[in-house]
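# An overview of the molecular structure
Okay, here's what each chain looks like letter by letter:
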Number of protein chains: 2
Amino acid sequence: MKARIHITLKAGVLDPEGKAIENALGSLGFDGVNDVRKGKYIELEIADSDETTARDNLTRMCEALLANTVIENYAIDLEA
Amino acid sequence: MKARIHITLKAGVLDPEGKAIENALGSLGFDGVNDVRKGKYIELEIADSDETTARDNLTRMCEALLANTVIENYAIDLEA
């Protein structure tokens, strides 16, 4: 089963990398770009065939390793 | 208009960071996880109100700055 995980900074957490992208886009002449937020995107293949089990395991992976839950949110998408 | 951009390594390009995540998950006891690929996820607000113009501008941003098109693919999602 294929899983896609988005890890994004929580609202209110400063995102200097996003800010740098925003400034760089401005320097390149792209105007009107705002609120750039940079996150992580992880694709993986999980052996669990049951969606509930897979989601449970992925949640534990996010909590234990993939996301820093103090400052980051995560979202899990599963594809059969 | 809100845009979401996914930047992923092309097939065949080695992903040492994804491999490290895979190994770390294995060390933590999560078995059956394979093909971990780590990409980037960028959210931004673009001023263009027309979807075609917005998509054109975002494509140029990806080509010019956001993605390294030699080794990375990008996908653009627009939300009205």
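Going by the structure above, here's the rest.
Everything numeric here is computed off the predicted structure, so don't read it as measured data. Residue numbers here run from 1 along each chain, matching the order of that chain's written sequence. Each chain takes a letter, starting from A, and each ligand takes a number, starting from 1, following the order in which they are written. Confidence filtering applies because this is a predicted model: local features only for residues at pLDDT of at least 70, side-chain atom pairs given and counted only at 80 or more, and all residues used for totals across whole chains, interfaces and linings. Values shown for side chains rest on all heavy atoms present in the structure; no hydrogens or waters enter the calculation.

## Notes on the environment of Ile 42 of chain A
Strands are runs of DSSP state E lasting at least 2 residues, helices are runs of H or I lasting at least 4, and numbering of each runs from the N terminus. You can see Ile 42 of chain A is positioned in strand 2 (residues 33–46). Relative accessibility decides the category of a residue: with a 1.4 Å probe and only protein chains considered, values under 20% of the type maximum give buried, values over 50% give exposed, and everything between is partly exposed. You can call Ile 42 of chain A buried: its relative accessible area is 2%. In this description, contact between two residues means that some pair of their heavy atoms is separated by no more than 4.5 Å. Discounting chain neighbours no more than four positions away, the residues touching Ile 42 of chain A are Ala 3, Arg 4, Ile 5, Ile 7 and Leu 66 of chain A together with Ile 21, Val 36, Arg 37 and Lys 38 of chain B.

## A few points about the packing of helix 1 (residues 16–27) of chain A against helix 2 (residues 51–66) of chain B
Inter-axis angles, ranging from 0 to 180 degrees, are taken between N-to-C directions of lines fitted to C-alpha atoms, where helices are fitted over the stretch in contact. Interhelical geometry of helix 1 of chain A versus helix 2 of chain B gives an angle of 105 degrees and a closest axis separation of 11 Å. Viewed along their axes, helix 1 of chain A and helix 2 of chain B adopt a mutual orientation that is roughly perpendicular. Across the interface between the two elements, Ile 21, Ala 24 and Leu 25 of chain A of helix 1 of chain A pack against Met 61, Leu 65 and Leu 66 of chain B of helix 2 of chain B. Here the residues of the contact of helix 1 of chain A with helix 2 of chain B are counted per class, giving six nonpolar, no polar and no charged. To sort the angles, those under 35 degrees are grouped as roughly parallel, those over 145 as roughly antiparallel, those from 65 to 115 as roughly perpendicular, and the leftovers as oblique. Basically, the charged four are Asp, Glu, Lys and Arg, the nonpolar ten are Ala, Val, Leu, Ile, Met, Phe, Trp, Tyr, Cys and Pro, and anything else, Gly included, counts as polar.

## A look at the relation of the copies chain A and chain B
Under the fitted operation, chain A is carried onto chain B by 0.0 Å of movement along the axis and a turn of 180 degrees, and the coordinates agree to an RMSD of 0.0 Å. Taken together, the rotation angle and the small translation identify this as a two-fold axis. No C-alpha of chain A lies nearer the rotation axis than that of Lys 40 of chain A, which sits 2.4 Å from it. Looking at chain A, 100% of its interface residues are interface residues in chain B too, so the copies touch through the same face. Alignment of the copies relies on least squares applied to C-alpha atoms, considering only residues that score at least 70 for pLDDT in both.

## Some remarks on helix 1 of chain A
What a helix should span is 1.5 Å times the count of its residues minus one. For helix 1 of chain A, which comprises twelve residues, the first-to-last C-alpha distance of 16 Å matches the rise-based estimate of 16 Å (1.5 Å per residue) to within 8%. Where helix 1 of chain A is concerned, the buried positions are Gly 18, Ile 21, Glu 22 and Leu 25 of chain A. Buried residues along helix 1 of chain A cover an arc of 100 degrees about the axis, so they all sit on one side. Residues Pro 16 and Ser 27 of chain A are exposed on helix 1 of chain A and point more than 90 degrees away from its buried face. Tucked into the core, helix 1 of chain A has its buried residues touching strand 2 of chain A together with strand 2 (33–46) and helix 2 of chain B. Where helix 1 of chain A terminates, the next one or two residues include Gly 29 of chain A, which has phi positive at roughly 95 degrees. Regarding the arc, it is the one traced by the directions from the helix axis to the C-beta atoms.

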